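# Working through the structure, step by step
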Amino acid sequence: IDHALPAGYIVIAPTSSWPTAEGPSWLPLYHRDQLIDILKKSAETDPKIDPNRIHVTGFSQGGFLTWDILCRASDTVCSVAPLAASGRDDWGADIGFGDQCFIEGSPAVKRSIMFTIGTTDPLSSAANGHDQITSVTAAYFDAGVSPLETSIGQAALEAYGPTGSGINVHFYEHVSVCTLYWGCGGHCFPTDPDSVHACQADFLGDNFGSGQEGALYNHRCCVEGFDYGAKVVDFFQKNPCSPSCSPSCDSTPSPTPLPATDEEDEEEGVTLSGACACSNPTLTLTVFAAV
């Protein structure tokens, strides 16, 4: 949110009201349709929302829901960013998510994906993450495509694309030094210790009795040179539904793909398709949930 609001985003961050012994939890078969409905109704009824720039990100169970929303509502979302959930983790099936579409196919409309995992995540394994990105790239790109590989501080990036239609797939693996709670490993929001004070925090803050409250996931998940919030906002800005402006925008459509234009992109060696500078704000659905 700290990165999104200054960039002109409208952020919707729903919280499940379903209580469990470990805190609020999502019920996929019930909540997935509600979340998709939020996106569709917001796009259809709010004139301030640009339908060319609707995005979804989520963490843990929210990451599972992010994959699920992409598979079920690719006609509405423009790009997605699942974090700490491969879509293949056993606990996802246990709580009712079932298989997402990349197991045997792809979304009806291909959309850009920024997928981030921790190499030592005890809840969403790196092996499952690699299997998922293999399925994604097989569905999106020609056989034998090779990614651009680079490092960003303590994170590794495999960048695929852009395709002729402007699709990008970015796969990040970060090495976290999170030591705050049992099993933390890489199941957390990676933050750059130089830019986020919470990374060095010595306290948990308030919790609601489960031992795993929201602020916990932001503390001590230190990844040198990598700030997830900044990366995901930048990715969404550069990956709209269409590489040209939507009718509600007032600037000249940009060609695709565009060469990297800012210093960060040039340093990473990654070329992204560009979004035009639109006057209407972006809608971002952010789904968080502990496992």
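Right above here is the structure, for reference.
Residues numbered from 1 in each chain as written. Predicted model: local features only at pLDDT ≥ 70, side-chain atom pairs only at ≥ 80, totals over all residues. Heavy atoms only, no water.

### Some remarks on the pairing of strand 5 (residues 148–152)
Across five bridges, strand 5 lies against strand 6 (residues 155–160) in antiparallel orientation. Within the sheet, the bridge partner assigned to leucine 148 lies in strand 6 and is alanine 159. Counted along the chain from strand 5 to the antiparallel partner strand 6, the turn is two residues long, and its residue glycine 153 has a positive phi close to 60°. (Pairing = 2+ DSSP bridges. Helix = DSSP H or I, 4+ residues; strand = E, 2+ residues; numbered from the N terminus.)

### Overview of the state of the cysteines
What the rule picks out here adds up to two disulfides. Residue pairing for cysteine 71: its cysteine sulfur links by disulfide to cysteine 101, the two sulfurs lying 2.1 Å apart. Note on the cysteine 71 and cysteine 101 pair: the S-S dihedral is about -75°, so by sign convention the disulfide is left-handed. Taken together, the residues cysteine 71 in helix 2 (residues 61–72) and cysteine 101 in the loop between helix 3 (90–94) and strand 4 (112–118) connect sequence positions 30 residues apart. (Disulfide = S-S within 2.5 Å.)

### Some points on the side chain of serine 112
Mapped onto the elements, serine 112 comes out in strand 4. The buried category is assigned to serine 112, whose relative accessible area is 2%. Within polar-contact distance, the side chain of serine 112 engages the backbone nitrogen of asparagine 168 at 2.9 Å. Residue contacts for serine 112: discarding those within four places in its chain leaves Cys78, Ser79, Val80, Gly166, Ile167, Asn168, Phe235 and Asn239. (Buried < 20%, exposed > 50% of the residue type's maximum accessible area, 1.4 Å probe, protein only. Polar contact = N/O pair within 3.5 Å; in protein donor to acceptor, adjacent residues only side chain to side chain. Contact = heavy atoms within 4.5 Å.)

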